[in-house]
Amino acid sequence: MTNTNTQNELKHRITELEAEISILKQQKKYGLVWEDKAEDVVTNCVSSVPVLSEVTSKKVSDNMPSENIIIEGDNYHALSVLNYTHRKKIDLIYIDPPYNTGARDWKYNNDYVDKEDSYRHSKWLSFMAKRLLLSRNLLTEEGFIACAIDHYELFTLGSLMDNIFGEQNRIGIVTVVHKPEGRQFANFLSPSNEFMLLYAKNKQSAAFQEVVLDKDKEQEFNLTDENGNYKLKNFIRLTDGKYSLRENKPDGFYPIYVSADLKEFSLKKLPKYREALPITDRGVERVWKTFGDTFMQKVANGAIVAREENERIVLYEKLRPSQVLVTHWNKTEYHGYHFGTKILEEILGSKQFDFPKSLHLLKDVVKLTTKPNSVILDFFAGSGTTGHAVLELNKEDNGNRQFILCTNNENKIAEEVTYPRIKKVIKGYGDVAGLGGSIRYYKTKLVDVEKLQKVPDEKRLSLTYQAGEMIALRENTFDEVEKNEWWQVFSSKEKTVAIYFQEDKKKLRELVKKLSNNQEVALYVFSWSKNEYTNEFAEYTNIRVEDIPEPIIEVYKEINRLK
Ligand SMILES: C[S@@+](CC[C@H](N)C(=O)[O-])C[C@H]1O[C@@H](n2cnc3c(N)ncnc32)[C@H](O)[C@@H]1O
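Here we summarise the structure given alongside this text. (Residues numbered from 1 in each chain as written. Predicted model: local features only at pLDDT ≥ 70, side-chain atom pairs only at ≥ 80, totals over all residues.)

## Some words on the overall build of the chain
Piece 1. Broken down by element type, the chain carries 15 helices and 26 strands.
Piece 2. Its C-alpha atoms put the chain at 90 × 85 × 55 Å along the principal axes.
Piece 3. For the chain, with 563 residues in total, the buried portion stands at 34%.
Piece 4. Long-range contacts, defined as pairs at least 24 residues apart, comprise 68% of the intrachain contacts of the chain with a sequence gap of at least 6. (Helix = DSSP H or I, 4+ residues; strand = E, 2+ residues; numbered from the N terminus. Buried ≥ 20, exposed ≤ 12 C-beta atoms within 10 Å, placed from the backbone. Contact = placed C-beta atoms within 7 Å.)

Put into structure tokens, the structure is as follows:
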């Protein structure tokens, strides 16, 4: 080989290496790596797409404006459907996934995953990543997601959630003491707590509700005015060591003048006003909590109260119960057995399910993160504790929160635990009065589309024909009032939703005429592409036209790319 040849080869090799380095530089510097394990419920979606089919015999109704939903089926399919029906509409996602303990607590492709499975963590990560990615699209900008977990997958879940929701949106890792007594025969440490990882969709927009989770605290704030509960705290600085004394902070010691009826305050001496000074009962000269300007601002905000005690004027500040929330949650009522298992057993009459969460824990999570009209999703619903908590809270604060529970039917859990629990809680059981509320029960169903990337015409028609209940859920309008070979109509007090199935449009005008007198109408018209009929009925201002099925297909194509 000549010198020139060697030099050329070297140059070529250097160029190759430079290219490789540049690719490596673009790759992530650190993070989770796992082997993606194909999952049947996911691969099925390349040739079929999930829709919903209602089990009308399971409907529970009470004329409430919103309906609660149970979806039976694999949550990958349920979440896919929700990506069409509930984009950016969910305010709180709470999940309690299988913990992957190795004790056959979880199935992947219909097989239990045990301790010997060398892909145990990879399978769990593949499973969770696919579902969390789908769930992220559903959150509102102010929304939260909370995920329960224990030590088996805490580290992997934390990295995964940082990845999907962004470290910058991590709110915190809460320690929940669910079994303070631990387990008797543990070899080393016996877990008495588990964790709840809490993220916001966007930390800048999210905010906790002003609620008091701690009952003892609530009782402390036992006075009320037009702004809610408060307690009174002496306006003299009683803590902070030497800086609460006059001799160390002389400008904090100043007179405040109070009118005869104790309602007006002034920093200047006024006729008939009495003087108040930061001197304690024992005669110690201290300082006020703030300087005069801030004091007068507090007066303007109605936060100062004067009282006459032992012929002296004493000043108090109103304190509100917006508490500091710590990451260690250890209320007695978070005990999993006493306030989860036992409650469920009382409702169903016998033990049907292992390890439901404490009802009170779920109530506190929902209280803290949702408003009275929020939508709450739990896609590992199990026994339905989240739904139960939402119903109780609605009863307590007259709220109208709506829940969506998704669970598979492993060991008949959906049919024999989730549904009966929620139904009994709504209707009442034994001596316990019903909380009221409603349920619609759906199953996921796969519709054959041959090839999602290019759905043949006849499959488009068949998908449209079967998409009715999914559209009803999207529009929050559930009662089917008509279905024939041309159209299907759902209605509620506020809205009518119609789906026109056929390629042949000869009956479309007839349908539109029928709908023209209704208040608000969403009309889904079968079309080969997008926006074909958007302006067709512009003269009817009450009718909003939507295409079908292209938007559904687009959502499913996007999901397919996400996996
Ligand atoms: C740990 S439990 C949740 C318990 C629940 N937090 C409670 O308080 O009752 C997890 C549930 O998720 C369900 N599940 C597991 N994999 C699922 C999947 N792929 N789709 C739907 N549900 C699933 C299981 O059947 C199980 O009931």
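## A look at the environment of Val 497
Piece 1. Here Val 497 is to be found in strand S24 (residues 495–500).
Piece 2. When the 28 C-beta atoms within 10 Å are taken as the criterion, Val 497 is described as buried.
Piece 3. Note: C-alpha distance between Val 497 and Asp 225 (272 residues apart in sequence) is 46 Å.
Piece 4. Other than its neighbours up to four places away in sequence, Val 497 contacts Ile 471, Ala 472, Glu 475, Thr 477, Phe 490 and Ala 522.

## Some words on the sheet that holds strand S13 (residues 274–276)
Piece 1. Read from one edge of the open sheet, 3 strands run S12-S11-S13, paired in antiparallel fashion. Bordering the open sheet on either side are strand S12 (265–266) and S13, each of which pairs with just one other strand. (Pairing = 2+ DSSP bridges.)

## Focus on the nonpolar core
Piece 1. Cys 147, Ala 498 and Tyr 500 are the most contacted members of the largest nonpolar core, which totals 112 residues.
Piece 2. A domain split of this core shows at least three residues from each of domain 1 (40–213 + 325–444) and domain 3 (455–562).
Piece 3. When near neighbours in sequence (up to four residues on either side) are disregarded, Ala 498 contacts Trp 487, Val 489, Leu 511, Leu 515, Val 521, Leu 523 and Tyr 524. (Core = buried A, V, L, I, M, F, W, Y, C linked by C-beta atoms within 7 Å. Domains from an automatic or database assignment.)

## Some remarks on the packing of helix H9 (residues 359–369) against helix H10 (residues 385–397)
Piece 1. Relative orientation of the contacting elements H9 and H10 amounts to 65°, with a least axis distance of 8 Å. Here H9 runs over H10; the crossing is right-handed. Contact residues: H9 offers Leu 359, Leu 362, Lys 363, Val 366 and Lys 367, while H10 offers Thr 385, Thr 386, His 388, Ala 389, Val 390, Glu 392 and Leu 393.
Piece 2. For the contact of H9 with H10, the class distribution of residues is 6 nonpolar, 3 polar and 3 charged. (Axes fitted to C-alpha atoms, helices over the stretch in contact; angles between N-to-C directions. Left-handed = near helix turned anticlockwise from the far one by under 90°. Nonpolar A, V, L, I, M, F, W, Y, C, P; charged D, E, K, R; others polar.)

## So, the pairing of S24
Piece 1. Among the 6 residues that make up S24, 5 are buried, leaving the element largely enclosed by the rest of the structure.
Piece 2. As defined by bridge partners, strand S23 (residues 487–491) adjoins S24 across 5 bridges and the pair is classed as antiparallel. Each bridged residue has a counterpart across the sheet, and for Ser 491 the counterpart in S24 is Thr 496.
Piece 3. A loop of 3 residues connects S23 with S24, the two strands running antiparallel in sequence.

## Some remarks on helix H15 (residues 550–562)
Piece 1. The terminal C-alpha atoms of H15 lie 19 Å apart, and with 13 residues this matches the ideal 18 Å at 1.5 Å per residue to within 8%.
Piece 2. If you check which residues of H15 are buried, you get Ile 552, Ile 553, Tyr 556 and Ile 559. The arc that holds the buried residues of H15, viewed along the axis, is 120°, so those residues lie on one side. Structural note: H15 exposes Glu 554, Glu 558, Arg 561 and Leu 562 on the side pointing more than 90 degrees away from its buried face.
Piece 3. In this structure, the buried side of H15 is in contact with strand S1 (48–54), helix H3 (75–85), helix H4 (120–136), helix H12 (457–466) and strand S26 (543–548). (Expected span 1.5 Å × (residues − 1). Arc of directions from axis to C-beta.)

## Considerations on the sheet that holds strand S16 (residues 328–329)
Piece 1. Ordered in space as S1-S21-S2-S18-S17-S3-S6-S8-S7-S16, the 10 strands form an open sheet in which the pairing is mixed. On the outer flanks of this sheet lie S1 and S16, each paired with one strand and no other.
Piece 2. Bridge count between strand S3 (residues 90–95) and strand S6 (residues 139–149): 5 bridges; the pairing is parallel. Directly across from Leu 92, in S6, lies its bridge partner Phe 144.

## Brief notes about the pairing of strand S17 (residues 375–378)
Piece 1. The alternating pattern of S17 places Val 375 and Leu 377 on one face and Ile 376 and Asp 378 on the opposite face, and all of these are buried.
Piece 2. Across 2 bridges, S3 lies against S17 in parallel orientation. Its bridge partner being in S17, Leu 92 is matched across the sheet by Ile 376.
Piece 3. Pairing of S17 with strand S18 (residues 402–407), which is carried by 4 bridges, proceeds in the parallel orientation. Paired with Asp 378 across the two strands is Leu 405, which belongs to S18.
Piece 4. With respect to chirality, the unit in which S17 leads through H10 into the neighbouring parallel S18 is right-handed. (Right-handed = clockwise from strand over helix to strand, strands pointing away.)

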